[in-house]
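So you can see what is in the structure, the chains are spelled out below.
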Amino acid sequence: MSENHQISQVFDNHGRPINYVRLAVTDRCNLRCFYCMPADGIKYVPKKELMTYEEMERVLRVLTSLGVSKLRITGGEPFARQHIMSFLEKVVNIPGMNQVHITTNGVLTAPYVERLKQLGISSINLSIDTLDRDRFKMIARRDEVHKVKETFYKVLEADISLKINAVVIQDKNLEDIVLLSNLTKEHPIGVRFIEEMPFNGEGAHYPVLKWDHKRIISHLTDHFGPLIKIQDQAHSTSSNYRIPGHLGTIGVIAAFSRTFCGSCNRIRITSKGMLKTCLYDNGVLDIRKMLRTGSSDLEIKQEFLKAFANRAPDGFAAEASRSGKVTESMSEIGG
Ligand code: SAM
Ligand code: SF4
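Everything numeric here is computed off the predicted structure, so don't read it as measured data.

Chemist: For the overall build of the chain, give the residues involved together with the corresponding values.
Modeler: When its secondary structure is counted, the chain shows eleven helices and 14 strands. A compact globule built from 335 residues should have a C-alpha radius of gyration of about 20 Å, and the chain, at 19 Å, falls within 12% of that. The buried share among the 335 residues of the chain stands at 56%. Considering only residue pairs separated by 6 or more positions, the chain has 74% of its internal contacts joining residues 24 or more positions apart. A total of about 14700 Å² of accessible surface is found on the chain, and carbon and sulfur atoms cover 51% of it. Each charge sign in the chain was given a centre, from 45 positive and 38 negative side chains, and these centres are 2 Å apart.

Chemist: Requested: an account of the site of ligand 1, with residues and values cited.
Modeler: Looking at ligand 1, there are 20 residues lining it, with Tyr35, Gly76, Thr104, Ser127 and Met197 nearest. Within the backbone of Gly76, one N or O atom sits 3.0 Å away from a nitrogen atom of ligand 1. One nitrogen or oxygen atom from the side chain of Glu77 is found 3.2 Å from a nitrogen atom belonging to ligand 1. Protein chains bury 95% of the 540 Å² of accessible surface belonging to ligand 1 in isolation. Only β5 (99-104), β7 (161-168) and β8 (190-195) provide two or more residues apiece to the shell around ligand 1. Considered class by class, the residues forming the shell around ligand 1 number seven nonpolar, ten polar and three charged.

Chemist: Break down the environment of Lys289 for me, with residues and values.
Modeler: Along the chain, Lys289 turns up in helix α8 (residues 287-292). The spacing of Lys289 and Asp40 is 249 residues in sequence and 30 Å in space, taken between C-alpha atoms.

Chemist: Quick rundown of the pairing of β7? Include the residues and the values.
Modeler: Among the eight residues of β7, six are classified as buried, and the element is accordingly described as predominantly covered. Pairing analysis gives five bridges linking strand β6 (residues 123-127) to β7, with the strands arranged parallel. Its bridge partner being in β7, Leu126 is matched across the sheet by Ile164. As a crossover connection, the stretch from β7 through helix α6 (residues 175-181) into β8 is right-handed.

Chemist: Provide a residue-level description of the packing of helix α1 (residues 53-65) against helix α2 (residues 84-91), including the pertinent values.
Modeler: At a minimum axis distance of 11 Å, the contact between α1 and α2 shows a crossing angle of 20°. As judged from the angle between their axes, α1 and α2 are roughly parallel. Read as a crossing pair, α1 and α2 show a hand that is right-handed. Here Tyr53, Met56, Glu57 and Leu60 of α1 come into contact with α2, specifically with Ile84, Phe87, Lys90 and Val91. When its residues are assigned to classes, the contact of α1 with α2 shows six nonpolar, no polar and two charged.

Chemist: Residues and numbers for the site of ligand 2, please.
Modeler: Taken together, Cys29, Leu31, Cys33, Tyr35, Cys36, Met37, Gly76 and Asn105 make up all the residues around ligand 2. Split into classes, the residues belonging to the shell around ligand 2 amount to six nonpolar, two polar and no charged.

Chemist: Summarise the pattern of salt bridges; cite the residues concerned and give the values.
Modeler: Under the counting rule described, the total for this entry stands at 17 salt bridges. Two residues, Glu319 and Arg258, come together in a salt bridge whose shortest N-O distance is 2.7 Å. One end of the pair, Glu319, is in helix α10 (residues 315-321); the other, Arg258, is in the loop between β11 (249-253) and β12 (266-269), and 61 residues separate them in sequence. According to the relative accessible area criterion, Arg258 is buried, its value standing at 8%. Through salt bridges that share partners, Asp132, Arg135, Glu175 and Asp176 make up one connected network.

Chemist: Now, about the pairing of β8: what can you tell me, with residues and values included?
Modeler: Across the six residues that make up β8, a large majority, six, are buried. Burial of β8 is two-sided: the residues Gly190, Arg192 and Ile194 facing one way and the residues Val191, Phe193 and Glu195 facing the other way are all buried. In terms of strand pairing, β7 meets β8 through six bridges, oriented parallel. The residue of β8 that forms the bridge with Lys163 is Gly190. As paired strands, β8 and β11 are joined by five bridges and run parallel to one another. What sits directly across from Ile194, in β11, is Ile253.

Chemist: How would you summarise α2 if you had to cite specific residues and measurements?
Modeler: Listed as buried for α2 are Ile84, Met85, Phe87, Leu88 and Val91. What you see down the axis of α2 is that its buried residues fit within an arc of 155°, all on one side.

Chemist: An account of the environment of Gly201 is requested, with residue identities and associated values reported.
Modeler: With respect to the helices, strands and loops of the structure, Gly201 is situated in the loop between β8 and α7 (213-224). Gly201 gets classed as partly exposed once you look at its relative accessible area, which sits at 35%. Along the primary structure Gly201 and Glu328 are separated by 127 residues, whereas in three dimensions their C-alpha atoms are 4.5 Å apart. Ignoring sequence-local partners within four residues, the contact set of Gly201 consists of Cys36, Pro38, Thr327, Glu328 and Ser329.

Calculation notes
- Residues numbered from 1 in each chain as written.
- Chains lettered and ligands numbered in written order.
- Predicted model: local features only at pLDDT ≥ 70, side-chain atom pairs only at ≥ 80, totals over all residues.
- Heavy atoms only, no water.
- Helix = DSSP H or I, 4+ residues; strand = E, 2+ residues; numbered from the N terminus.
- Rg over C-alpha atoms; globule rule 2.2 N^0.38 Å.
- Buried < 20%, exposed > 50% of the residue type's maximum accessible area, 1.4 Å probe, protein only.
- Contact = heavy atoms within 4.5 Å.
- Areas by Shrake-Rupley, 256 points an atom, 1.4 Å probe, with all protein chains shown as cover.
- Lys, Arg positive; Asp, Glu negative; His and termini not counted.
- Charge placed at Lys NZ, Arg CZ, Asp CG, Glu CD.
- Near = heavy atom within 4 Å.
- Polar contact = N/O pair within 3.5 Å; in protein donor to acceptor, adjacent residues only side chain to side chain.
- Nonpolar A, V, L, I, M, F, W, Y, C, P; charged D, E, K, R; others polar.
- Pairing = 2+ DSSP bridges.
- Right-handed = clockwise from strand over helix to strand, strands pointing away.
- Axes fitted to C-alpha atoms, helices over the stretch in contact; angles between N-to-C directions.
- Parallel < 35°, antiparallel > 145°, perpendicular 65-115°, else oblique.
- Left-handed = near helix turned anticlockwise from the far one by under 90°.
- Salt bridge = Lys/Arg side-chain N within 4 Å of Asp/Glu carboxyl O.
- Arc of directions from axis to C-beta.

Put into C-alpha cells, the structure is as follows:
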C-alpha cells in the first residue's frame, strides 16, 4: 500500500473532510441475518447491473485524486464474489489508497487470511453477533458459526488488527453482550455493539428501538462495573471503553440514534454503483451510469464534488429527504 501519498483534501458543505469510502463489492451473501434481510433473501441485482471490478477500480482512482485515502471493502459478503483476491491485489496498489479494510461475516474468509496479511490489509471487521451455535443459526439462519470462529483465530494468529461487529438484537442475542465483551479480556481486539437499523429488506422490526446505545452501555456497566472511557479515534462512529483489566476494548455504535454525524467523513458506493453520501439517503449519484455512458474521469470527479457540496447535515435530514421509507437490505449498501 502506498503510505502517506499526499493529495489535496475535499470537504463537504458542512466542513467535514471526505476521505473514507465504503465499497459494497456485491449484494450477494451466504448468510441471511435477521436484521439484514428476510429469511428467503432479497432480490439480487442482476449480474450485469453489478459494477465490474474494472469499474470499481476506476472509481477508486478518481476518489483518491479527490483525497480519499481509506477504503473499506464490504458487501453483501465480499468473499462470496469470485476473484475478490485479485481485486484486492489491485486496490492495495492504488496510489493514495493508504488504508484498505475489510468487513466480512467470516464464513468463507479463513483460507485467505495469510494472503490478506501479505497484502497489508489494515484491519478486518468480523461480524459476529453470537458465538453460540443455536443462536447463530437463529440469527444468521445458517449453521456456520464454526467457520466464523476459525476465521477469528486465524486473523488473531496472523496479527491483523481485528474488530468484532455485533448487532444488538432485541430478544435474540442479549446474553451475548457480556459473552462477546469477555473476548476482550485476553485478546487485543475491539468488540463493537451496533444499534439495529431498519435496513433489513422489509422495514422496521420494532415501533421503538429498545436497545439503543445508552441501554447497551448501562447493561455493560451493570455487569462489569464502571467502564474506562478511552479516547475515540478521529471520525470514529463508536464510543469506546475498556473493561478494567481487559486487553481489548469495547465500543458502541449509535447507528440508529445517529450521534456521530457531525464528524462523518465517509461515503458509500453500493454494489450497483450508487453513491450515498449518507447511509440514510436514497442514493445521490448513479456512478455506474456515468461509467457506462462514456463519462470522462474529470466529469465523474465533478459530479462527486457536486454531491459532496450537497450533503445532508445528518442522517435524520438525509432520511427526511428520501422519497420512501428505509426498507432496503444492508446487503446492497455495505453497512
Ligand atoms: N457480509 C459482511 C458482514 O456481515 O460483515 C459485510 C456486509 S454487512 C451488510 C456489514 C455490517 O452491517 C455487518 O457488521 C452487519 O452486522 C451490519 N448490519 C447489517 N444489517 C444491519 C442492520 N439492520 N442494523 C445494523 N447493522 C447491520
Ligand atoms: Fe450477509 Fe452481512 Fe447481511 Fe449477514 S449482515 S446477511 S452476513 S450481508
